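# Survey of secondary and tertiary structure
Spelled out, the chains give:
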Amino acid sequence: MNNFTKEMINDYAEKLLIGLSDEECDTLLEEFDVIRERMEIISNIPGIENIEMQHFPCEFSLTSLRKDEAQNSLPIEDVLANCDQSIERVVEVPKVVG
C-alpha cells in the first residue's frame, strides 16, 4: 500500500479547494498511517480472503413506504418573483467557486 506524502495531501486539498496548514497536514499524515496499519492487520488475518463481503452489518428490511401522492406545486411566476435574477424560467445564482 502506498504511503501518503505531504505533497499528495496538499495537492488533494488544493483540488478540493480547502486550505491546510502544516499542522493539519501533519495530523492527516499521522491519521493515514494509523489507518494503513489497521488495514495491514486486517489483511493479515488468516483466511480473510475466503470471507464473503458484507454490505450491511445488520439485516435490512423496509417495512413500509408512505403513499406517493401528487401535490400541486407553486406557480413559476410566484417562485421567480422571490429571486433577484432569473433567466427565462431558471433562477440565476452567483458563482461561488473560482
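The coordinates are above.
Attention in this report is confined to the structure presented alongside it.

Definitions and limits used
Residues numbered from 1 in each chain as written. Predicted model: local features only at pLDDT ≥ 70, side-chain atom pairs only at ≥ 80, totals over all residues. Heavy atoms only, no water. Salt bridge = Lys/Arg side-chain N within 4 Å of Asp/Glu carboxyl O. Helix = DSSP H or I, 4+ residues; strand = E, 2+ residues; numbered from the N terminus. Buried < 20%, exposed > 50% of the residue type's maximum accessible area, 1.4 Å probe, protein only. Polar contact = N/O pair within 3.5 Å; in protein donor to acceptor, adjacent residues only side chain to side chain. Patch = residues over 30% accessible without salt bridge, like charges linked within 9 Å, V, L, I, M, F, W, Y side chains within 5 Å. Areas by Shrake-Rupley, 256 points an atom, 1.4 Å probe, with all protein chains shown as cover. Phe/Tyr/Trp six-rings, centres within 6.5 Å; stacked < 30°, edge-to-face > 60°.

## A word on the pattern of salt bridges
In total, this model carries four salt bridges according to the counting rule given. A salt bridge links D26 to K6; the nearest nitrogen and oxygen atoms lie 3.2 Å apart. Here D26, found in helix α2 (residues 22–43), pairs with K6, found in helix α1 (residues 6–15); they are 20 residues apart in sequence, far enough to count as distant. What makes D26 partly exposed here is its relative accessible area of 35%. Classification of K6 as partly exposed rests on a relative accessible area of 30%. For R36, the salt bridge goes to E40, with nearest N and O atoms at 3.4 Å. With R36 and E40 both in helix α2, this residue pair falls four residues apart, about one helical turn. Residue class for E40 comes out partly exposed when judged on its relative accessible area of 37%. Linked by salt bridges that have partners in common, D33, R36 and E40 make up one network.

## With respect to the side chain of R36
Residue classification places R36 among the buried positions, given a relative accessible area of 18%. Reaching out from R36, the side chain makes a polar contact with the side chain of N3 at a distance of 2.8 Å.

## Let's talk about a nonpolar patch on the surface
Judged by side-chain polarity, I35, M39, I42, I45, I48 and I51 come together as a nonpolar surface patch covering roughly 520 Å² of accessible area. Note on placement: I35 falls in helix α2.

## Brief notes about the packing of aromatic side chains
Evaluation of the coordinates by the stated rule reveals two aromatic pairs. Geometrically, the ring pair formed by F4 and F32 is stacked, given 4.3 Å between the ring centres and 20 degrees between the ring planes. Note that F4 is positioned in the segment before α1 and F32 in helix α2, a separation of 28 residues in sequence. Here F4 falls in the partly exposed class, since its relative accessible area comes to 34%. Since its relative accessible area comes to 29%, F32 is described here as partly exposed. One aromatic cluster is present, built from ring pairs that chain together F4, Y12 and F32.

Read these as geometric descriptors, not functional statements.
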